[in-house]
Amino acid sequence: MANEKIVVEYKGQEYEAVTVDLSENGVAFRMETPVYLPEQEAIHFTVISNHYKARLCGNIKYVKKDEAEGGWRYSALVEPEDEGSRRQYMQLIYDRVHSLPMEMNLWITAYDDMIRNIKKRLSKTFSDQRKLPRIPVNKEIAFSNGATCKVVNFNFNYFSVLNFDANGNEEEQFDYNTEKGIKLTLKRTGKYRQHSVEELLAVTNIDELIEKNQIDQILSDISNTDEGEK
């Protein structure tokens, strides 16, 4: 079932998206812009159609840029938050006619058969797939201590950079202030993207940024390609 409204909730923030697919233990949805939804955190979802509404909770397992339709596609493993939502969600999955009794007894044989057959739809494994969006940037930035680099892309937790110039500094951590004055503290990890010369810098103050609800503004600032930002 595609093209249903879904509201994604994380840390007090709400984002509207559109479903791409629904199954008994998974949802896929498309968002116009990428958002920070970490795999290890519980994410809440509300799927809404003309007749049904289901509250779900789960974890993001796969993110990719949707080259065909535009935007970003997220996939999550989910489960209904209560029995009422479970019944509503099954209606959403199977697109039943709205006249089907909403208080159907769970022990009715036909309904039992549906329950037993539900577990087959989400067969794709997520173990080796990207959990956060890799957002292209291609932007030169300068740190507060004079160090410079070119940011190729980032996924909120890490910056992938080229031509890192420490400007004579021996520190491992460097502060970068976005155009809106949000401070990012980046740490050199000594690691590089696989089969690449791009160095990985870890965002060490990510939890603080989340608590201050600054993640969305960071995306806007980093994506701004205007030069001269300090």
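What about the sheet that holds strand β2 (residues 13-23)?
Taken together, six strands build a closed barrel; the order of strands is β1-β2-β3-β6-β5-β4 and the barrel is antiparallel. Recorded for the sheet is a direction-independent mean angle of 45 degrees between the axes of neighbouring strands. Relative to strand β6 (residues 72-80), strand β5 (residues 53-65) runs antiparallel, the two being bridged by nine bridges. Opposite Val 63, over in β6, you have Tyr 74 as the bridge partner. Where helix α1 (residues 83-94) meets the sheet, it contacts β2, β3 (26-31), β4 (43-48), β5 and β6, and its direction lies at approximately 55 degrees from that of β5.

Things to note about the pairing of β6
When β3 meets β6, the two strands line up antiparallel, connected through six bridges. If you follow Phe 29 over to β6, its bridge partner there is Tyr 74. In this antiparallel pair of consecutive strands, β5 and β6, the connection spans six residues, and Gly 70 shows a positive phi of 90 degrees.

Points about unusual backbone geometry
At Phe 156, a residue that is not glycine, the phi angle is positive and equals roughly 80 degrees. Positionally, Phe 156 belongs in the loop between β8 (148-154) and β9 (158-165). Here the phi dihedral of Asn 167 falls at roughly 55 degrees; this positive angle occurs in a residue that is not glycine. Tracing the chain through its elements places Asn 167 in the loop between β9 and β10 (173-177).

A closer look at the environment of Glu 172
Structurally, the position occupied by Glu 172 is in the loop between β9 and β10. Overall, Glu 172 belongs to the partly exposed group, its relative accessible area being 49%. Taking the C-alpha atoms as reference points, Glu 172 and Leu 186, separated by 14 residues in sequence, lie 8.3 Å from one another. When sequence neighbours within four positions are dropped, the list of residues in contact with Glu 172 reads Leu 186, Lys 187 and Arg 188.

Examining the nonpolar core
One finds Phe 29, Phe 45, Phe 143 and Phe 159 to be the most contacted residues of the largest nonpolar core, which totals 55 residues. Sequence-distant contacts of Phe 143, defined by excluding residues within four places in its chain, comprise Thr 148, Cys 149, Phe 164, Phe 174, Asp 175, Tyr 176, Leu 186 and Leu 201.

Some words on the packing of aromatic side chains
Evaluation of the coordinates by the stated rule reveals ten aromatic pairs. Ring plane angle 5 degrees and centroid distance 5.4 Å describe the contact between Phe 29 and Tyr 74, whose orientation is recorded as stacked. Residue Phe 29 is located in strand β3, and its partner Tyr 74 is located in strand β6; the two are separated by 45 residues in the primary sequence. For the pair shown, Phe 29 and Tyr 74 are each scored as buried. On the basis of an interplanar angle of 40 degrees and a centroid distance of 5.3 Å, the ring pair of Phe 154 and Phe 159 is categorised as tilted. By relative accessible area, Phe 154 is classed as buried at 1%. Here Phe 159 falls in the buried class, since its relative accessible area comes to 1%.

Cut-off values and rules
Residues numbered from 1 in each chain as written. Predicted model: local features only at pLDDT ≥ 70, side-chain atom pairs only at ≥ 80, totals over all residues. Heavy atoms only, no water. Pairing = 2+ DSSP bridges. Helix = DSSP H or I, 4+ residues; strand = E, 2+ residues; numbered from the N terminus. Axes fitted to C-alpha atoms, helices over the stretch in contact; angles between N-to-C directions. Contact = heavy atoms within 4.5 Å. Buried < 20%, exposed > 50% of the residue type's maximum accessible area, 1.4 Å probe, protein only. Core = buried A, V, L, I, M, F, W, Y, C linked by side-chain atoms within 4.5 Å. Phe/Tyr/Trp six-rings, centres within 6.5 Å; stacked < 30°, edge-to-face > 60°.

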